[in-house]
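# Topology and contacts: notes
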Amino acid sequence: MIIAVFFPSLMGVGILISGALLISDWLRRLLPHGRLRRKHNVIVGTYGAIADSVEAAGYHLEEPWFLRRGLRNRLSYIGVAMLLALLGAGSMWAGREFYADPLGLFFRSPWATGIGYGVGAALLIAAALCLVIGLAYRSIPEFMTPLIADTSLGRFVLPTEEDHHAALHNLDKEP
């Protein structure tokens, strides 16, 4: 009996994740900065190849600062936080309404409230994260710095010519 509940649940989660990935890919194509993203990927690949070659020769090349993402505009974080909070509250409201609608497909179905509250909670957590970044901005807690440097919370930073030369002259001989 437990298998009859587990497998449809697993399939449902897989469908939700697939839908979220499709929506994120669609949004990525709509948003600007495709050229900037490609240039950043080329720079990251170039420095990766150079670092591998230098390491094979017995040297160590420190990772340049511009391979990581930087902070976006403060108002962007606050605006996204407000939007995510509204979407999260709307998701929770919709889940509750679907559950209570006697003419609806999800009447008294725990899936309606579970999905509504689950998606809403995830959106509210993301809203809180963006709000903390927007309010703290330059004095962000240490544990949040990798989130900005490695995820879409940060923006791409392209190096100047001086950055390229300075990065390639930071070679240290490994003992």
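So, a few notes on the structure that sits alongside this text. (Residues numbered from 1 in each chain as written. Predicted model: local features only at pLDDT ≥ 70, side-chain atom pairs only at ≥ 80, totals over all residues. Heavy atoms only, no water.)

Now for the overall build of the chain. Within the chain one finds six helices and two strands. Helices (α) and strands (β) of the chain occur, in sequence order from the N terminus, as α-α-β-α-α-α-α-β. Counting all 175 residues of the chain, 22% fall into the buried class. Intrachain contacts of the chain at a sequence separation of at least 6 include 72% that bridge at least 24 residues. Carbon and sulfur atoms make up 69% of the accessible area of the chain, which totals about 12400 Å². (Helix = DSSP H or I, 4+ residues; strand = E, 2+ residues; numbered from the N terminus. Buried < 20%, exposed > 50% of the residue type's maximum accessible area, 1.4 Å probe, protein only. Contact = heavy atoms within 4.5 Å. Areas by Shrake-Rupley, 256 points an atom, 1.4 Å probe, with all protein chains shown as cover.)

Another point: the packing of aromatic side chains. Here the structure, examined in full by the defined rule, presents zero aromatic pairs. When the ring centre of Phe156 is taken as reference, the NZ or CZ atom of Arg69 above it lies at 4.1 Å. (Phe/Tyr/Trp six-rings, centres within 6.5 Å; stacked < 30°, edge-to-face > 60°. Lys NZ or Arg CZ within 6 Å of the ring centre and 35° of its normal.)

As a further point, take the nonpolar core. Counting residues in hydrophobic clusters, the biggest one holds 12 residues: Leu71, Tyr77, Ala81, Leu84, Ala127, Cys130, Ile133, Tyr137, Ile140, Met144, Ile148 and Leu153. Broken down by secondary-structure element, the contributors of at least two residues to this core are α3 (74-100) and α4 (110-136). Among residues more than four places away in sequence, those in contact with Ile140 are Leu71, Ile133 and Ile148. Core analysis: the next-biggest nonpolar cluster, separate from the first, contains six residues, Ile43, Tyr47, Leu61 and Leu67 among them. (Core = buried A, V, L, I, M, F, W, Y, C linked by side-chain atoms within 4.5 Å.)

Our focus in this paragraph is the environment of Thr151. Structurally, Thr151 is set in the loop between α5 (145-150) and α6 (161-168). Thr151 has contacts with Arg69 and Pro146, leaving out every residue within four places of it along the chain.

Attention now goes to unusual backbone geometry. A negative phi holds for most residues other than glycine; trans holds for most peptide bonds. Backbone geometry at Arg108 places phi at a positive 55°, although glycine is not the residue there. Mapped onto the elements of the fold, Arg108 is located in the loop between α3 and α4. Given the relative accessible area of 56%, Arg108 is considered exposed. One non-glycine residue, Tyr137, lies in positive phi territory at about 45°.

With that out of the way, let us pick up the packing of α3 against α4. Two elements in contact, α3 and α4, have axes whose closest approach is 7 Å; the angle formed by their N-to-C orientations is 165°. It follows that α3 is roughly antiparallel to α4 by the angle criterion. Judged by the sense of rotation from one axis to the other, the crossing of α3 with α4 is left-handed. Among the residues making up the contact of α3 with α4, the classes are represented as 25 nonpolar, seven polar and two charged. (Axes fitted to C-alpha atoms, helices over the stretch in contact; angles between N-to-C directions. Parallel < 35°, antiparallel > 145°, perpendicular 65-115°, else oblique. Left-handed = near helix turned anticlockwise from the far one by under 90°. Nonpolar A, V, L, I, M, F, W, Y, C, P; charged D, E, K, R; others polar.)

The next subject is the pattern of salt bridges. For the structure on display, the rule yields one salt bridge. The shortest N-O distance in the salt bridge between Glu97 and Arg96 comes to 3.6 Å. For Glu97, a relative accessible area of 35% translates into the label partly exposed. Residue class for Arg96 comes out partly exposed when judged on its relative accessible area of 42%. (Salt bridge = Lys/Arg side-chain N within 4 Å of Asp/Glu carboxyl O.)

Our next topic: helix α2 (residues 34-56). Taking 1.5 Å of rise per residue, 23 residues should cover 33 Å, and α2 covers 33 Å from first to last C-alpha, within 8% of that figure. Among all positions of α2, only His40, Ile43, Tyr47 and Val54 are buried. (Expected span 1.5 Å × (residues − 1).)

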